[in-house]
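Overview (structure and organization)
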Amino acid sequence: LNFAQFVPKKTYRTRVSDVINEALLDIVHHFSEKKLEFIRDGMDFEIMADLNRLKSGVCNILINACEVSEPGKKIFIKTNYNNNFGWIEITDQGPGIAKKDLKKIFRPFYTTKKGGTGLGLAIAQKIIEAHNGKIEVSSTVSKGTTFKVILPLA
């Protein structure tokens with residue numbers, strides 16, 4: 001159902017910090033036993049967004065970061081902007097993603113997780129693209145992965 005409903009209903013001027021705060025509030029209690037540390041840094045900026053839809057996309061990325069992280073590890077959330085775009089970088093200290101898998105991770109139903117549906121990143125990508133943004137990923141095996149969400153400024 002989420003995959004079919006990624007288009008924003010109505011967009012409003014929204015602070016990216018509000019999107020991140022809401023996403024963290026939705027997920028942290030699910031991973032409290034892991035005692036993960038969320039390190040936030042950067043500049044706040046405003047975008048035109050459907051807060052709930054965009055939050056859902058960011059949640060999917062954060063959930064993946066939490067699931068691959070060992071207990072006590074850090075997840076870094078950095079924000080910044082330039083003249084036209086703002087971005088959110090979410091970096092985990094997990095096992096990383098093999099190069100052969102990087103090209104496939106946004107495909108619906110592609111998963112390497114036991115019991116995963118393979119829809120989380122596909123949904124995140126569609127939501128971000130529906131907000132006129134894009135998502136990029138870089139990864140180093142046994143070091144971690146960074147997802148960069150790039151969105152036009154309001």
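In this text the structure is predicted, and so the values were computed from the model without any measurement.

To continue, consider the packing of aromatic side chains. Under the definition given, this model contains two aromatic pairs. With a centroid separation of 6.1 Å and 55° between ring planes, the pair formed by Phe45 and Tyr81 is classed as tilted. Note that Phe45 is positioned in the loop between β2 (37-42) and β3 (46-49) and Tyr81 in strand β4 (residues 74-81), a separation of 36 residues in sequence. Looking at Tyr81, the relative accessible area reads 36%, which means it is partly exposed. Across the ring face of Trp87, the terminal group of Lys148 is positioned such that the distance to the ring centre comes to 4.9 Å.

Before going further, it helps to spend a moment on the nonpolar core. Where a protein is soluble and globular, its nonpolar side chains tend to be buried together. Of all hydrophobic cores here, the largest spans 34 residues; its most connected members are Leu54, Ile61, Leu62, Ile88, Ile90 and Phe147. Taken together, the elements giving at least two residues each to this core come down to α1 (16-27), β3, α2 (51-68), β4, β5 (85-91), α4 (120-130) and β7 (144-152). Looking at this core, the element that brings in the most residues is α2, giving seven residues. For Ile90, the contacting residues outside a window of four places in its chain are Val58, Ile61, Leu62, Ala65, Ile75, Phe76, Thr145, Thr146 and Phe147.

So, on to the pattern of salt bridges. What the rule picks out here adds up to six salt bridges. In this structure, the salt-bridge partner of Glu46 is Arg13, at a minimum N-O distance of 2.7 Å. Of this pair, Glu46 sits in strand β3 while Arg13 is found in strand β1 (residues 12-15), placing the two residues 33 residues apart along the sequence. On the basis of relative accessibility, which here comes to 55%, the residue Arg13 falls in the exposed class. The residue Lys148 makes a salt bridge to Glu89 at a minimum N-O spacing of 4.0 Å. Taken together, the residues span a long stretch of sequence, with Lys148 in strand β7 and Glu89 in strand β5 at a distance of 59 residues. Given a relative accessible area of 23%, Lys148 falls into the partly exposed group. Of the residues examined, Glu89 reaches a relative accessible area of 21% and is grouped as partly exposed.

Parameters at a glance
- Residues numbered from 1 in each chain as written.
- Predicted model: local features only at pLDDT ≥ 70, side-chain atom pairs only at ≥ 80, totals over all residues.
- Heavy atoms only, no water.
- Phe/Tyr/Trp six-rings, centres within 6.5 Å; stacked < 30°, edge-to-face > 60°.
- Helix = DSSP H or I, 4+ residues; strand = E, 2+ residues; numbered from the N terminus.
- Buried < 20%, exposed > 50% of the residue type's maximum accessible area, 1.4 Å probe, protein only.
- Lys NZ or Arg CZ within 6 Å of the ring centre and 35° of its normal.
- Core = buried A, V, L, I, M, F, W, Y, C linked by side-chain atoms within 4.5 Å.
- Contact = heavy atoms within 4.5 Å.
- Salt bridge = Lys/Arg side-chain N within 4 Å of Asp/Glu carboxyl O.

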